[in-house]
Amino acid sequence: MKNLFKLFSIIILIITSNSYSFAAEKVEYLKTDWSFKGLFGKFDRASLQRGYQVYTEVCASCHSMKYLSYRNLAEPGGPEFSEAQAKAIAASFEVTDGPNSDGEMFTRPGKLSDKFVMPYDNVKAAQAANGGAYPPDMSVLVKARGGGVDYIYSLLQGYEEAPSNVSLDDGVYYNKYMYGNKIRMAAPLSDGLVEYGDGTNATVEQMSKDVTTFLMWSAEPHLESRHQMGFKAITYLIILTILVYFSMKKIWSRVESEV
Amino acid sequence: MSDHDYRPKSKVGQWFNDRLPLLTLANHLTDYPTPKNLNYWWTFGGILTFCLITQIVTGLTLAMHYIAHADMAFESVEHIMRDVNYGWLIRYIHANGASMFFLAVYIHIFRSLFYGSYKAPREIIWIIGIIIYLLMMAAAFMGYVLPWGQMSFWGATVITNLFSAIPLVGEGIVTWLWGGYSVDNPTLTRFFTLHYLIPFLILGLVILHIWALHVPGNNNPVGIDIKKPSKDTVPFHPYIVIKDGFALLMFMIVFAFFVFYAPNILGHADNYIEANPMVTPAHIVPEWYLLPFYAILRSVPDKLLGVVAMLSAILILAVLPWLDTSKIRSAVFRPLYKQFYWILVADVLILGYVGAMPAEGLYLLIARVATAYYFLHFLVILPVLGFKEKTLPVPLSITEPVLGGSPNLAAARNKESKIE
């Protein structure tokens, strides 16, 4: 019985270490304590709201987030803006709608049900405006990169002068965490770039943490309910397993064999 | 199974049962005499049934929301993850369920290898099992294509391209499989159709698998034929039902851990990037459960021979009952086989590891040695071992050791509990 459990853990260890080994690059990422990690991990609400501010003021000029709707901003488990705030955010964007009864497309202020407005109409337009490089959609970005949140967090702070043996083309920058170290995005953050409403000091480190938290939420909007349900489900299973174990012992005590 | 003279008690029951003997079947399933010394390695059959049902139920639910179209598949998966009620839960159960299914099936297969469950008179059970395993791999591969991420697209491209290795007609077959000149929308829709179909084929084969099992009855850790029913057996219900239930719950705890706390750890990050035919990922790797075969494929320098080697690695299992010449089933009484068994386990794990690594340098060398050993095990070691090995004395019944049997057997049982 104990051995079976041991074997289980070994197999799982092998599987997970296996999938890690080819996902992770050799570099050591910067570490910070993420509030959403662990059995009871939850998002830091204030950090999410600040992160949204960084996203919308800095990232959103190039990066789309096409799978999110403005209503998500007011939903539980997210930044939890009030409905009025979320409506105001939505209304600040111009949305193309239509065709109307005359067959014309028209623009109107955004509503809660609208998806996040994209900075470019399509991938080609995005590439044309960014020297051929497509700024990836950010909806699931942290799940689409091997190092996850640590990678994004490090990348945002990883800009430095290129070593003398590395030559960079125009519009290419050196980043020690980027795959191949060459990145087409200029350092997006600088100290004091945004002015936080809650008075938090907008250092590059702080903004990186906030926006990465926001990106984690955008990729996993149900993370909090997943953690909560997981704890309940596993607790339930453990209790049931114990009860079934004793029932099994009782039933098997009728035969002269061990379980 | 024919030794039943079951008759329902009620008049209605008798009337029904005379016309359709479902009650006789139910009675057979509850009374089914099972060896009482089955250990926990025997609980994985039930666990696998659970996995299959879980995949079918969650899969049906996902199919209600998923859109099999190259332009919409990725978005519809995000729709499931965000807007469908508990869609994230259903999808994570389905995605991790595939991994859990393979984890269980590998344990099930290696249990069979250790205790010689594939030997006469259980060859048909074993062969049906191998067909199920092949279908599982096909279903899993096609399921991985459906989210239409980068790894979906390029995995599909790499695997379907294997058919181009067939001389003369290879290219034509690939075009036919794709429904075009590259992996595209027609490929996605047919993969979806087949992914939907295969689980039901598996379900049918599982019924045959169990039917075939119920003819000779279960093998057991001692590996001897036993009289049924007798002192050596217990009725399936409640003894085996509760034991399987307990093991299933343990399994579900592991399953739940992955679903709730590490739902993406077994997947590849690139599959959260929408498929893009213009950008090839740095490393194209299949899911972990296919890695050993991927390593075998890549270890052969020639494309056609690589495909042949990979297919042979699976199909060789189908003739295993005739490759293993030993009359003794359980490795408990085969001291040499037991050692080779564990070497094979290590060999397959090594193949899985190098399958995830780039096929170059030392990794490639290791993959080649491990591939060669894999075939050596089945084609040379097993046939020879049957003739050369000095096996330990086998008891006459399961109860013998319990009722104070031979000293040899006590030693054997001690060893057995060590590996348990």
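The structure under discussion appears in the preceding block.
Values in this document were obtained by computation on a predicted structure and should not be read as measured data. (Residues numbered from 1 in each chain as written. Chains lettered and ligands numbered in written order. Predicted model: local features only at pLDDT ≥ 70, side-chain atom pairs only at ≥ 80, totals over all residues. Heavy atoms only, no water.)

Right, let's get into the overall build of chain A. In terms of helices and strands, chain A carries seven helices and four strands. When the 259 residues of chain A are sorted by exposure, 42% land in the buried category. Carbon and sulfur atoms make up 56% of the accessible area of chain A, which totals about 13900 Å². (Helix = DSSP H or I, 4+ residues; strand = E, 2+ residues; numbered from the N terminus. Buried < 20%, exposed > 50% of the residue type's maximum accessible area, 1.4 Å probe, protein only. Areas by Shrake-Rupley, 256 points an atom, 1.4 Å probe, with all protein chains shown as cover.)

With that settled, consider the interface of chain A and chain B. In this complex, chain A contributes 58 residues to the contact, which on the side of chain B involves 60 residues. For the pair chain A and chain B, the summed buried surface comes to about 5300 Å²; carbon and sulfur atoms form 74% of the total. Across the chain A-chain B interface, the total number found is two salt bridges. For K66 of chain A, the salt bridge identified is with E274 of chain B, shortest N-O distance 4.0 Å. For the pair chain A and chain B, the number of links is twelve residue pairs in polar contact (both at pLDDT 80 or more). Where the side of chain A that touches chain B is concerned, the elements lending two or more residues are α1 (2-23), α6 (204-219) and α7 (223-252) of chain A. Among the elements that take part in the side of chain A that touches chain B, α7 of chain A stands out by supplying 18 residues, more than any other. Across the side of chain A that touches chain B, the residue classes tally to 33 nonpolar, 16 polar and nine charged. (Contact = heavy atoms within 4.5 Å. Buried area = accessible area lost by both parts, 1.4 Å probe. Salt bridge = Lys/Arg side-chain N within 4 Å of Asp/Glu carboxyl O. Polar contact = N/O pair within 3.5 Å; in protein donor to acceptor, adjacent residues only side chain to side chain. Nonpolar A, V, L, I, M, F, W, Y, C, P; charged D, E, K, R; others polar.)

All names here are of chain B. This model, assessed by the stated rule, comprises 21 salt bridges over all chains. Ionic pairing is found between D324 and K119, a salt bridge with its closest N-O pair at 3.2 Å. Linking D324 in the loop between α13 (320-323) and α14 (335-355) with K119 in the loop between α5 (87-115) and α6 (123-145), this pair joins segments that are 205 residues apart in sequence. We note a salt bridge from R334 to D324, for which the minimum N-O separation is 3.4 Å. With R334 in the loop between α13 and α14 and D324 in the loop between α13 and α14, this residue pair connects regions lying ten residues apart in the sequence. The pair formed by R334 and D324 is uniform in burial state, with each residue classed as buried.

Our focus in this paragraph is unusual backbone geometry. Here the amide bond leading from G98 of chain A into P99 of chain A is cis, since omega sits at 0 degrees, within 30 degrees of zero. Tracing the chain through its elements places P99 of chain A in the loop between β1 (94-97) and β2 (106-109). In this model, K228 of chain B is joined to P229 of chain B through a cis peptide bond whose omega is -15 degrees. Along the polypeptide, P229 of chain B turns up in the loop between α9 (185-214) and β2 (233-235). Look at Y86 of chain B: it is not a glycine, yet its phi comes out positive at around 55 degrees. With respect to the helices and strands, Y86 of chain B occurs in the loop between α4 (73-82) and α5. Backbone geometry at L168 of chain B places phi at a positive 65 degrees, although glycine is not the residue there. Among the secondary structure elements, L168 of chain B is positioned in the loop between α7 (150-161) and α8 (170-178).

Each α-helix winds once per 3.6 residues, and so residues spaced three or four apart point in a common direction. With 30 residues, α9 of chain B ought to run about 44 Å at 1.5 Å a step, and its terminal C-alpha atoms sit 44 Å apart, in line with that. Within α9 of chain B the residues assigned to the buried category are T187, L188, F191, H195, I198, P199, I202, L205, V206, H209, A212 and H214 of chain B. (Expected span 1.5 Å × (residues − 1).)

Residue and element names in this part refer to chain B. On the surface, Y6, W15, F16, L20, L22, L23, L25 and L29 cluster together into a nonpolar patch covering about 700 Å² of accessible area. If you list the elements that add at least two residues to the nonpolar patch, you get α1 (11-19) and α2 (22-31). The leading source of residues in the nonpolar patch is α2, at four residues. Mapping W15 onto the fold places it in helix α1. (Patch = residues over 30% accessible without salt bridge, like charges linked within 9 Å, V, L, I, M, F, W, Y side chains within 5 Å.)

Our next topic: the packing of aromatic side chains. This model, assessed by the stated rule, comprises 48 aromatic pairs over all chains. Taken together, a centroid distance of 4.8 Å and an interplanar angle of 55 degrees make the contact between F40 of chain A and F231 of chain A tilted. Here F40 of chain A is found in the loop between α1 and α2 (45-57), whereas its partner F231 of chain A is found in helix α7, with 191 residues between them in sequence. Measuring from centroid to centroid gives 6.3 Å for Y337 of chain B and Y341 of chain B, while their planes differ by 50 degrees, and the two rings are tilted. Highlighted residues: Y337 of chain B and Y341 of chain B, both in helix α14, separated by four residues, approximately one helical turn. Judged on exposure class, the residue Y337 of chain B and its partner Y341 of chain B are both buried. Ring-pair connections join several aromatic residues into one group, and the members of that group are Y52, Y55, Y70, F81, F93, F116, F214 and W217 of chain A. Here the guanidinium or amino end of R50 of chain A rests over the ring plane of Y196 of chain A, the centre of that ring lying 5.6 Å away. (Phe/Tyr/Trp six-rings, centres within 6.5 Å; stacked < 30°, edge-to-face > 60°. Lys NZ or Arg CZ within 6 Å of the ring centre and 35° of its normal.)

Remember, this is a structural readout, not a statement about activity or role.
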